[in-house]
Amino acid sequence: MTEHAVVIAGGGPTGLMLAGELALAGVDAAIVERRASQDLARSGAGGLHSRTIEVLDQRGIADRFLAEGQAMQIQSFARIPLDISDFPTRHTYGLALWQNHTERILADWVSELGVPIAREREVTGFARDETGVDVELSDGQSLRAEYLVGCDGGRSLIRRAAGIEFPGWDPSVSSLIAEVEMSEEPELGIRHDDNGTQALRRLEDGKRVGVVVSARYTGQTGQPTLGDLSQALVAVWGTDYGVHSPTWISRFTDMTRQAASYREGRVLLAGDAAHVHYPVGGQGLNIGVQDAVNLGWKLAQVVHGTSPESLLETYHAERHPVAARVLQNTMAATALTRSDARLDALRDILSELLTMGEPRKRLAGMMAGLDIHYDLGEGHLLLGRRMPDLDLVTADGPLRVFTLLHDARPVLLDLGDPGGLDITPWADRVQLINAKHVGSWELPVVGAVPAPTAVLIRPDGHVAWVGDHTHAGLPDALTTWFGPPTAG
Ligand SMILES: Cc1cc2nc3c(=O)[nH]c(=O)nc-3n(C[C@H](O)[C@H](O)[C@H](O)COP(=O)(O)OP(=O)(O)OC[C@H]3O[C@@H](n4cnc5c(N)ncnc54)[C@H](O)[C@@H]3O)c2cc1C
């Protein structure tokens, strides 16, 4: 039986990102993926939000995505645009980039890092014991792993087989999404009616049409047919425009659910396997990739024996509230995809509020993922928040903070006089960097914060400790996040 430290079920955006994170940390990980290639039958996510671009920047791969997409103000809430061009980040925009490109670029990165992907195979089940998991595959083979991570999407087999509950809300909207040809010239554009979003757009080839047509959910299930699509088009536009030759037709709903637990012993969940919601606001892929970045380094440390298994509890504790908030904002925004006199009045009021600086910043910061604050206790405003990508001056020359995170290792950044901090017992795990920063410290949504003397930065870019040369609280923070000191 082939053995790996970690088996990842599903090589979508979440599984790929996790594989990359584990490979950077030197963990033997493998992906099992049902699809024969990274090609997507559907168009999927339309872009990356600012924090996701930052996270990719932390690994030195953001340029690959930026080169292929279009940087623009893509943030919105309930169709109300939210401009982030004044936010304190290098990426004051989102990136319009279809999911098939995002996945291809991630897959290339993962392949450079040498992670094997077993394609055209499914995980069909697993059996756990005290030391690991036997992962059963559809070709009759098994893999042995210390940990199994379900990145296998909204219908996750791993979640169901692990017996993890998936509470939430049943659908209220059902949308058909398709790429088709039409023999008559359609009325292109987006409209909103009392059923939600209705959209027709010309695709890149200039020939086919992308369709989204929404209706109240009345129990629609199963693979939709061309007949279903024709009926739905007639219901909205009064004609099906001679629809024919679909490349694909699919259905999505606003079913809104979240895994009650992101971990059940040696089995973990990430991405859509842990949370599903209507795609309004475009956050699903983004938070899946960020789940992976939160989990990767923690799982790596547990696999290497550097940290106790209890470190994995912080994965659920930190990421469950992030997705819960996304579920909440998508439910609100889904209601506002509908249009009638009362909902339009509500949207008008919201629109007016969002012209004001503070409400816009709050909502935009949340939608862009720039305001995430893990609860690491009382302290400096930086604690638990994302470390800004400051320009630093070091003895070796100028450097950006994110450059220090490229290999996914923790950093203790000492901005005081050199030699003021000693972390010898953790020196095998934590980089100590002495540097200077000239300028202010500003966080998205929060605003200006006092300049600290030193910050401990986790591999996911979140701040684990803020302090000075007294070392107060530093040994505890190092032990909590990066394991006990090395004796010596
Ligand atoms: C119409 C639409 C528009 C969207 N727009 C956006 C957007 O603009 N922005 C955004 O952020 N999100 C958007 N989303 C959501 C986004 O597509 C998902 O959140 C994202 O794909 C989740 O990534 P994932 O890797 O967690 O899961 P998935 O992408 O579902 O990947 C799961 C992978 O696991 C594989 N798999 C499944 N079961 C098994 C098994 N048993 N064994 C092996 N492999 C398996 C699948 O083949 C798949 O490759 C949209 C979704 C839809 C439907």
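Residues numbered from 1 in each chain as written. Predicted model: local features only at pLDDT ≥ 70, side-chain atom pairs only at ≥ 80, totals over all residues.

Draft legend 1. Structural detail: the overall build of the chain. The helix and strand tally for the chain stands at 11 helices and 29 strands. A globule of 488 residues ought to have a C-alpha radius of gyration of about 23 Å, and the chain, at 23 Å, matches this closely. For the chain, the C-alpha atoms occupy an extent of roughly 75 × 60 × 40 Å along the three principal directions. Looking at the chain residue by residue over its 488 residues, the buried ones come to 45%. Within the chain, residue pairs in contact and separated by at least 24 positions form 69% of the contacts whose partners lie at least 6 positions apart. (Helix = DSSP H or I, 4+ residues; strand = E, 2+ residues; numbered from the N terminus. Rg over C-alpha atoms; globule rule 2.2 N^0.38 Å. Buried ≥ 20, exposed ≤ 12 C-beta atoms within 10 Å, placed from the backbone. Contact = placed C-beta atoms within 7 Å.)

Draft legend 2. Here's a closer look at the sheet that holds strand S17 (residues 243–253). Read from one edge to the other, the open sheet built from five strands follows the order S14-S15-S16-S13-S17, with strand pairing classed as antiparallel. Both outer strands of the open sheet, strand S14 (189–193) and S17, are each paired with one neighbouring strand and no more. If you compare each strand with its neighbour and ignore which way they point, the axes differ by 15 degrees on average. Relative to strand S15 (residues 196–202), S14 runs antiparallel, the two being bridged by five bridges. Following the sheet pairing, His192 is matched in S15 by Thr197. Set on the sheet, helix H6 (residues 226–237) makes contact with strand S13 (173–182), S15, strand S16 (209–216) and S17; between it and S17 the angle comes to about 80 degrees. (Pairing = 2+ DSSP bridges. Axes fitted to C-alpha atoms, helices over the stretch in contact; angles between N-to-C directions.)

Draft legend 3. Representation of the sheet that holds strand S18 (residues 256–258) within the structure. The strand order across the open sheet built from three strands is S12-S18-S21, with neighbouring strands paired in antiparallel fashion. Across the chains shown, the open sheet's two edge strands, defined by having one partner strand only, are strand S12 (168–169) and strand S21 (275–276). Sheet topology note: the S12/S18 ladder contains two bridges and is antiparallel. Looking at S18, one finds that Trp169 is bridged to Thr256. Along the sheet face, helix H8 (residues 313–335) touches S18 and S21 and points at about 175 degrees away from the line of S18.

Draft legend 4. The site of the ligand, seen in detail. In the vicinity of the ligand, 33 residues are found, and the nearest of them are Gly10, Gly12, Gly153, Gly271 and Gly284. Elements supplying a minimum of two residues to the shell around the ligand: helix H1 (13–24), strand S2 (29–33) and helix H7 (284–303). Here the shell around the ligand takes four residues from H7, the largest share from any one element. Taken together, the residues of the shell around the ligand break down into 11 nonpolar, 16 polar and six charged. (Near = placed C-beta within 6 Å. Nonpolar A, V, L, I, M, F, W, Y, C, P; charged D, E, K, R; others polar.)

Draft legend 5. Just the nonpolar core, in detail. With 99 residues, the main nonpolar core has Val6 and Leu148 as its most contacted residues. It is H7 that provides the largest number of residues to this core, a total of 11 residues. Residues lining this core come from more than one domain, with at least three contributed by each of domain 1 (2–167 + 257–368) and domain 3 (391–482). Every residue in contact with Leu148, bar those within four places of it in the chain, is listed here: Val7, Ala9, Phe126, Val133, Val135, Ile158, Arg266 and Val267. Residues Ile84, Val173, Leu363 and Ala368 belong to the second largest nonpolar core, which totals 17 residues. (Core = buried A, V, L, I, M, F, W, Y, C linked by C-beta atoms within 7 Å. Domains from an automatic or database assignment.)

Draft legend 6. Spotlight on the packing of H1 against H7. Look at H1 against H7: their axes get within 8 Å of each other, and the N-to-C directions meet at 30 degrees. Between H1 and H7, the angle falls in the class roughly parallel. For the pair H1 and H7, the crossing hand works out as right-handed. Contacts between H1 and H7 involve Pro13, Thr14, Met17, Leu18, Glu21 and Leu22 from the former and Leu285, Gly288, Val289, Asp291, Ala292, Val293, Leu295, Gly296, Trp297, Leu299 and Ala300 from the latter. Broken down by class, the residue content of the contact of H1 with H7 amounts to 12 nonpolar, three polar and two charged. (Parallel < 35°, antiparallel > 145°, perpendicular 65-115°, else oblique. Left-handed = near helix turned anticlockwise from the far one by under 90°.)

Draft legend 7. Representation of the domain arrangement of the chain in the model. Here the chain is described as being made up of domain 1 (2–167 + 257–368), domain 2 (173–253) and domain 3 (391–482). Just the C-alpha atoms count here: the centres of domain 1 and domain 2 sit 27 Å apart. Between domain 1 and domain 2, the contact holds 10 residues from the first and 12 residues from the second. The residue inventory of the side of domain 1 that touches domain 2, partitioned by class, reads three nonpolar, four polar and three charged.

Draft legend 8. Main features of the packing of H7 against H8. As a packed pair, H7 and H8 sit with axes 10 Å apart at the nearest point and diverge in direction by 175 degrees. Comparing the axis directions of H7 and H8 gives the class roughly antiparallel. The segment H7 lies against H8, with Ile287, Asp291, Asn294, Leu295 and Lys298 engaging Thr314, Tyr315, Glu318, Arg319, Val322, Ala323 and Val326. A breakdown of the residues in the contact of H7 with H8 according to their chemical character gives six nonpolar, two polar and four charged.

Draft legend 9. Expanded view of helix H4 (residues 99–112). With 14 residues, H4 ought to run about 20 Å at 1.5 Å a step, and its terminal C-alpha atoms sit 20 Å apart, in line with that. Buried within H4 are the following residues: Thr102, Glu103, Ile105, Leu106, Ala107, Trp109 and Val110. Each element contacted by the buried residues of H4 is listed here: H1, strand S3 (47–48), helix H3 (62–66) and H7. Backbone geometry just downstream of H4 places Gly114 in the positive-phi region, at approximately 80 degrees. (Expected span 1.5 Å × (residues − 1).)

Draft legend 10. Quick peek at the pairing of strand S23 (residues 397–400). Of the strand pairs in this sheet, strand S22 (residues 391–394) and S23 are connected by four bridges, and their pairing is antiparallel. Within S23, the position partnered with Asp391 by the bridge is Arg400. Joining the antiparallel neighbours S22 and S23 is a turn of two residues.

Draft legend 11. Structural detail: the pairing of strand S9 (residues 123–128). Bridge count between S9 and strand S10 (residues 133–137): five bridges; the pairing is antiparallel. For Arg128, the partnering residue across the bridge sits in S10 and is Val133.

Draft legend 12. Main features of unusual backbone geometry. Non-glycine residue Tyr241 carries a positive phi angle of around 55 degrees. Looking at the element boundaries, Tyr241 is found in the loop between H6 and S17. Despite not being glycine, Val445 has its phi angle at roughly 70 degrees, a positive value. Within the fold, Val445 resides in the loop between strand S26 (441–443) and strand S27 (447–449).

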